[in-house]
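Now for the letters of each chain:
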Amino acid sequence: MAFTNEQLERYSRHIILSEVGVKGQKKLLNAKVLIIGAGGLGAPAALYLAAAGVGTIGIADADEVDLSNLQRQVIHTTPDLGKAKVQSAKETMEAINPDITVNAYRTFVAADNIMDLIADYDFIIDGTDNFPAKFLINDACVLAGKPFSHAGIIRFRGQLMTYVPGQGPCYRCVFKEPPPPEAVPTCKQAGVIGAMGGVIGSLQAMEAIKYIIGKGELLTGYLLTYDALKMEFRKIKLPKAKGCAVCGDHPTILKPFDYEQAECDLK
Amino acid sequence: MKLTVAGTQKEYAGNLTVAQLIELEQVETPEYVTVSVNDEFIPSGTFAEAVLHDGDSVEFLYFMGGGQ
């Protein structure tokens, strides 16, 4: 594949980087990334991956754009209110970069569709807002052998980790099971500072890009935590749980399954 | 006893278990916290028996569910 003049100019700030170059940019253009959740985390991740020229980006979300989303979900604008989030996201991404293909999946991701959804993608970004979905994405990615970035944000805090098959612990190694509904507050209940999605979602995009170009150190085996009020980043080493139910030596989870969802999370 | 707790060196009087440290440090949602000591997970349900030693490094890992 030869670059057009327009592509050379569009991606010139990438191509000039020794870690990217023409080779890395081609890898990005050939890569397929799936973003689950077009919200606080998914919005900035989608914007940067689209701008970076990730050739195929899937985005899955069942919701419509709501006024309370616009404080942080920067891929959607006020005229998009009421529109399907995946449609709004697709339009913004294609406006930023007509060079890419955006696949919009207007659906709840669940045990009965996740394996099909992730099958075609090289890297998955978890931008969901509830524990059942986060565990589902973890299990499916482990079972399918797909790398993914997990993240969570609340109030003035955020955290993320990267799973690459065979290279470190999965989310379930660290957190065995979802907490009971209501035991740990969600963003809707507790609030979140809008820019937190920008920080953590952009870091997720960065992990995807590094994975695709094969450069640098990924957050495999580490949890990066960010406390905005203390202005403190910490990189915490994560052990691998030998007895992990999905990635351990004797797994008991052999196919993805759905946990019950807290009612307040459904919207 | 000297411990490194969430990256900060601290001094504690006497010996402590993980459960006692969780209480002293007023850890949020203590029922759902994941604890590692010297980069090994402490199985939940054993915090009361898990004795800490001078020089141990303890991390608390919290559920964070938001994202949309």
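Please read all numbers here as calculations on a predicted model, not as lab measurements.

Assigned secondary structure in chain A consists of 10 helices and eight strands. Taken against the 2.2 N^0.38 rule, which gives 18 Å for 267 residues, the C-alpha radius of gyration of chain A at 18 Å falls within 12% of a compact globule. Seen through its principal axes, chain A has C-alpha atoms that stretch 55 × 45 × 40 Å. Sequence-distant contacts, at least 24 apart, represent 70% of the contacts inside chain A between residues at least 6 apart.

We now examine the confidence of the model for chain A. Averaged over chain A, the pLDDT score is 95; the fraction of residues at 70 or greater is 97%. Across residues 263-267 of chain A, where pLDDT falls below 50, the model places seven contacts with residues more than four positions away in sequence or in other chains.

Here we come to helix α10 (residues 194-213) of chain A. Residues and elements named next belong to chain A. Its 20 residues place the ends of α10 29 Å apart at the C-alpha level, agreeing with the 28 Å of an ideal helix rising 1.5 Å per residue. Summarising burial for α10: 14 of the 20 residues are buried, a large majority. Once α10 ends, the next one or two residues include G214, with phi positive near 70°.

Our next topic: the interface of chain A and chain B. Reports of interface size often rely on the accessible area that becomes lost once the parts have come together. Opposite the 29 residues of chain A that make contact, chain B presents 16 residues. Those elements that place two or more of their residues in the side of chain A that touches chain B are β5 (148-154), β6 (157-163) and β8 (232-237) of chain A. Element by element, the count of residues in the side of chain A that touches chain B is highest for β5(A), at four residues. Taken together, the residues that form the side of chain A that touches chain B break down as 16 nonpolar, nine polar and four charged.

Attention now goes to the nonpolar core. In terms of nonpolar packing, the biggest core is built from 77 residues, with V33(A), I35(A), A46(A), L49(A), I57(A), I59(A) and I124(A) touching the most fellow members. With residues near it in sequence (within four places) discarded, I57(A) still touches V33(A), I35(A), A46(A), L49(A), A50(A), M93(A), I100(A) and V102(A). Judged by nonpolar contacts, the second largest core, of seven residues, contains L16(B), V18(B), L52(B) and V58(B).

With that settled, consider the sheet that holds strand β3 (residues 34-37) of chain B. Residues and elements named next belong to chain B. Here five strands make up an open sheet; going across it, the order is β2-β1-β5-β3-β4 and the pairing mixed. With partners counted over all chains shown, the strands left at the sheet margins are β2 (8-11) and β4 (40-42), one partner each. Pairwise comparison of adjacent strand axes, ignoring direction, gives a mean angle of 30° for this sheet. With three bridges joining them, β3 and β4 adopt antiparallel strand pairing. Counterpart to S36 in the pairing with β4 is F41.

Attention now goes to the packing of helix α3 (residues 21-30) of chain A against α10(A). Residue and element names in this part refer to chain A. At a minimum axis separation of 9 Å, α3 and α10 run at an interaxial angle of 115°. Accordingly, the angle class assigned to the pair α3 and α10 is roughly perpendicular. In this structure, the crossing between α3 and α10 has a hand that is right-handed. Facing G24, K27 and L28 of α3, the residues of α10 in contact are I209, I212 and I213. The residue makeup of the contact of α3 with α10, split by class, is four nonpolar, one polar and one charged.

Structurally, G145(A) can be placed in the loop between α7 (131-144) and β5. When the 9 C-beta atoms within 10 Å are taken as the criterion, G145(A) is described as exposed.

All names here are of chain A. Relative to the elements of secondary structure, C141 occurs in helix α7. Separated by 96 residues in sequence, C141 and K237 place their C-alpha atoms 21 Å apart. Filtering out sequence-adjacent residues up to four positions away, C141 remains in contact with I118, I124, K146, F148 and Y163.

Turning to the pairing of strand β3 (residues 101-105) of chain A, a few remarks are in order. All names here are of chain A. The alternating pattern of β3 places V102 and A104 on a buried face and T101, N103 and Y105 on a face that is not buried. With five bridges joining them, strand β2 (residues 56-60) and β3 adopt parallel strand pairing. What sits directly across from I59, in β3, is A104. Crossover handedness for the path β2 to helix α5 (residues 85-96) to β3: right-handed.

All names here are of chain A. The strand order across the open sheet formed by eight strands is β3-β2-β1-β4-β5-β6-β7-β8, and the pairing between neighbours is mixed. In this open sheet, the two strands that pair with only one neighbour each are β3 and β8. Strand-to-strand, the axes of this sheet are offset by a mean angle of 15°, without reference to chain direction. Pairing of strand β1 (residues 32-36) with strand β4 (residues 123-126), which is carried by four bridges, proceeds in the parallel orientation. The partner of V33 across the bridge, within β4, is F123. Across the sheet, helix α4 (residues 42-52) lies against β1, β2 and β4, angled at about 165° from β2, the strand it touches most. Across the face of the sheet, α5 comes into contact with β2 and β3 while running at roughly 175° to β3.

What counts and how
- Counting restarts for each chain: residues are numbered from 1 in the order of the written sequence.
- Written order decides the labels, with chains lettered from A and ligands numbered from 1.
- The model is predicted, so local features are restricted to residues of pLDDT at least 70 and side-chain atom pairs to those at 80 or more, both for listing and for counting; the totals for chains, interfaces and linings are taken over all residues.
- Each helix is a run of DSSP H or I of at least 4 residues and each strand a run of E of at least 2, with the numbering of both proceeding from the N terminus.
- In this description the radius of gyration comes from C-alpha coordinates, and the expected globular size is given by 2.2 Å times residues to the power 0.38.
- Here the contact rule is simple: place C-beta atoms from the backbone, and any two residues whose C-beta atoms are within 7 Å are in contact.
- Known as pLDDT, the predictor's confidence for each residue is given on a scale from 0 to 100.
- Here, expected helix span is obtained from the residue count minus one, scaled by 1.5 Å.
- The burial criterion counts other C-beta atoms lying within 10 Å of a residue's C-beta, which is placed from the backbone; the residue is buried at 20 or more, exposed at 12 or fewer, and partly exposed between these limits.
- Under the grouping applied here, Gly and all other residues not named as nonpolar or charged are polar, the nonpolar ones being Ala, Val, Leu, Ile, Met, Phe, Trp, Tyr, Cys and Pro and the charged ones Asp, Glu, Lys and Arg.
- We call a set of buried Ala, Val, Leu, Ile, Met, Phe, Trp, Tyr and Cys residues a nonpolar core when their C-beta atoms link them within 7 Å.
- Whether two strands pair comes down to DSSP finding at least two bridges between them.
- Lines are fitted to the C-alpha atoms to define the axes, a helix being fitted only along its stretch in contact, and any angle between axes, read from their N-to-C directions, falls within 0 to 180 degrees.
- Here is the rule for angles: anything less than 35 degrees is roughly parallel, anything more than 145 is roughly antiparallel, 65 through 115 is roughly perpendicular, and the remaining ranges are oblique.
- Left-handed describes a crossing in which the near helix is turned anticlockwise from the far one by less than a right angle; the clockwise case is right-handed.
- For the handedness criterion, the strands are oriented away from the viewer, and a crossover whose path from the first strand over the helix to the second runs clockwise is classed as right-handed.

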